[in-house]
Amino acid sequence: MTRVKKRWLIAAIVAAVLVIGVFIAASIAARKFEPYIRTQAEEYLRKRFESEVEIKDLKIHLPGSSRIRLLLTRGKNALAKVEASGIIMRYRGRKDIPPMLELGKVEFGVDLGTLFETPKHVPFVIIEGLRLHVPPKGERPQAGGGDSSSQSASANVIIDRVDIVNSRLVILPKDVSKKPLDFNLTSVRLDSAGRNTAMKYKADLTNPKPPGHILSEGTFGPWNSGEPGDTPLAGDYTFKNADLGVFDAIAGILESTGKFQGTLDAINAKGEATVPDFRLKMSGNPVPLWTRFEVEVDGTNGNTVLKPVIARLGTTDFTTTGGVIRHEGEQQKSINLVATMPHGNLRDVLRLAMKGQPFLEGTIALKTRIDIPPLSSRVKEKLILDGQFKVSSGHFLRANIQDQIDNFSRKAQGRPNDQQIDEVFNEMVGSFRLENQVMTMRSLTFDIPGANVNLAGNMDLRQDVLDFHGALTLKAHVSQTMTGWKRWALKPVDPFFAKNGAGTFLHIKVVGSSKEPKFGLDRGGGKDEPETAQGGRK
């Protein structure tokens, strides 16, 4: 073999060795990607969410470029696809509560050129079957220096986009015996706006109670690993087809739009809601309801505080304040509200409250407390009302009743034959308390021209039993309520019934039922006018 051939042979062997060495180095580097990516993924999740991390399965799909090219370019602009499943993250290693995060399947891309650099670049993440459990505030371990490592982990990785499908957000209550709030996340998209800043999102989810469809768009984060419930959240929403029929006492389909801001634990929401067919189940008559509201919602326990809520029922405006609160030591929430209706349409109120068509029209002023204590019974059995009302310009819509009122007013004024006294108005003023389905009227005053009725007593709503006692005063004397010879025959008894500044004063009672009330003299009435009858119009 000549010297030249030997040189070419040696050069060929060296070249072959180099090529083989490059292939071996590229293969070794490629094999190192998978364990390195797995280690980096676990490290990121552990620090970012301050949790113990388990990954059941992880696979790396390298790009189609040759391994030599990957080695020579150091993976720059080469996107590897990573698939992982069975990921469980336990916040601070806690096993006494459900894992903070469970991820059924995760797919993400990573730029291999940034894999060994800082920050690493992840252009997309797709999560399917996520289940996020937000621990109850106050029962989480105290954060102890983990925030800095979390922020460091966040800064070391830039994620452009996150898509979450078929997942759930579960907010755990402090009381472990209570059902958590469970939101079905049909789809959520998060877009990065920079390091350690809130991500923009679009969400499609199902509300747990009342069930309905929510579309929302806003910002989420940055994630607070020390207190996950303190992670900021803000946005706009539309809430459609919410079925109020899941509640015991009311029904109707609600739609709402508004804005909210706060954290996963506490949200302030402002907006408007409409229920075109709002109704009480006990009556079944639909009345349109519109509200403009501001509420504070505690996501850990569902406590809701109402700022003044402005509402319209039919044509009647009213306001409501109060809240739905679980007080210390109570196992269930209490509802404590104050409703104020300064100038309402009585037809709207009666249409909502009673079966059939309203029997009375007029203007109503109402202020009442509405309390539903945490008792294990139906709403109507534990509902407590305490308030006052006034009906003015009242007019009965049933002709037979209004005719009787007109006739009574003629007699009360001493003009029983005066047909010009017609379609008279009445006024009612009352102070009441409803508890255990018994309506107690502390006072009930009924006025028409020439007459005043002042009563107090009870109405048992379960058995429909009336038991009212009080006084009737007339402007006219007894004889003046009659005509013909009776008018003259009764004149001698006028002085016996004229007292307390009235032409006629009688103790009366109303008993029986609401369908068949019985009016009569109360022979057990006191000699003097009862306290409930004082101050009535004479």
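Remember, it's a predicted structure, so these values are computed and weren't measured experimentally. (Residues numbered from 1 in each chain as written. Predicted model: local features only at pLDDT ≥ 70, side-chain atom pairs only at ≥ 80, totals over all residues. Heavy atoms only, no water.)

### A closer look at the overall build of the protein chain
- For the protein chain, the helix and strand inventory stands at eight helices and 26 strands.
- Every one of the 538 residues in the protein chain was classed for burial, and the buried ones make up 42%.
- When the accessible surface of the protein chain is totalled, it reaches about 28,900 Å², and 56% of it is carbon and sulfur. (Helix = DSSP H or I, 4+ residues; strand = E, 2+ residues; numbered from the N terminus. Buried < 20%, exposed > 50% of the residue type's maximum accessible area, 1.4 Å probe, protein only. Areas by Shrake-Rupley, 256 points an atom, 1.4 Å probe, with all protein chains shown as cover.)

### Regarding the confidence of the model for the protein chain
- The share of residues in the protein chain with pLDDT of 70 or more is 78%, and the mean pLDDT across the chain is 78.
- Ignoring residues within four places in sequence, the model shows residues 141-146, a span with pLDDT below 50, making nine contacts including any to other chains.
- Counting interchain partners and residues more than four positions distant, the pLDDT-below-50 stretch residues 527-538 has 27 contacts. (pLDDT = per-residue confidence, 0-100. Contact = heavy atoms within 4.5 Å.)

### Some remarks on the environment of Phe-519
- Tracing the backbone shows Phe-519 in strand E26 (residues 517-521).
- Those residues in contact with Phe-519 that sit more than four places away from it in its chain are Lys-509 and Val-510.

### Quick word on the layout of surface pockets
- Considered as a void within the structure, the second largest pocket measures approximately 200 Å³ in volume.
- Of all the elements in the fold, those that place two or more residues in the lining of the second largest pocket are helix H8 (494-497) and strand E25 (504-512).
- Broken down by element, the residue count for the lining of the second largest pocket peaks at three residues, all from E25.
- Across the lining of the second largest pocket, the residue classes tally to five nonpolar, one polar and three charged. (1 Å grid on protein atoms, 1.4 Å probe; cavity = no way out; pocket = protein on both sides within 12 Å on 5 of 7 lines; lining within 4 Å. Points joined across faces, edges and corners; volume = space filled by probe spheres on them. Nonpolar A, V, L, I, M, F, W, Y, C, P; charged D, E, K, R; others polar.)

### Focus on unusual backbone geometry
- Geometrically, the link from Gly-221 to Pro-222 is a cis peptide bond, its omega value of 0° lying close to zero.
- Following the sequence through the fold, Pro-222 ends up in the loop between strand E10 (212-220) and strand E11 (232-243).
- Residue Ser-393 is not a glycine yet carries a positive backbone phi of 55°.
- Within the fold, Ser-393 resides in strand E20 (residues 384-396).
- If you check the backbone angles, Gln-437 has positive phi at about 60° while not being a glycine.
- Within the fold, Gln-437 resides in the loop between strand E21 (426-435) and strand E22 (438-448).

### Comments concerning the environment of Ile-421
- With respect to the secondary-structure elements, Ile-421 resides in the loop between helix H6 (399-412) and E21.
- Residue class for Ile-421 comes out buried when judged on its relative accessible area of 9%.
- Ignoring sequence-local partners within four residues, the contact set of Ile-421 consists of Asp-406, Ser-409, Arg-410, Gln-413 and Arg-415.

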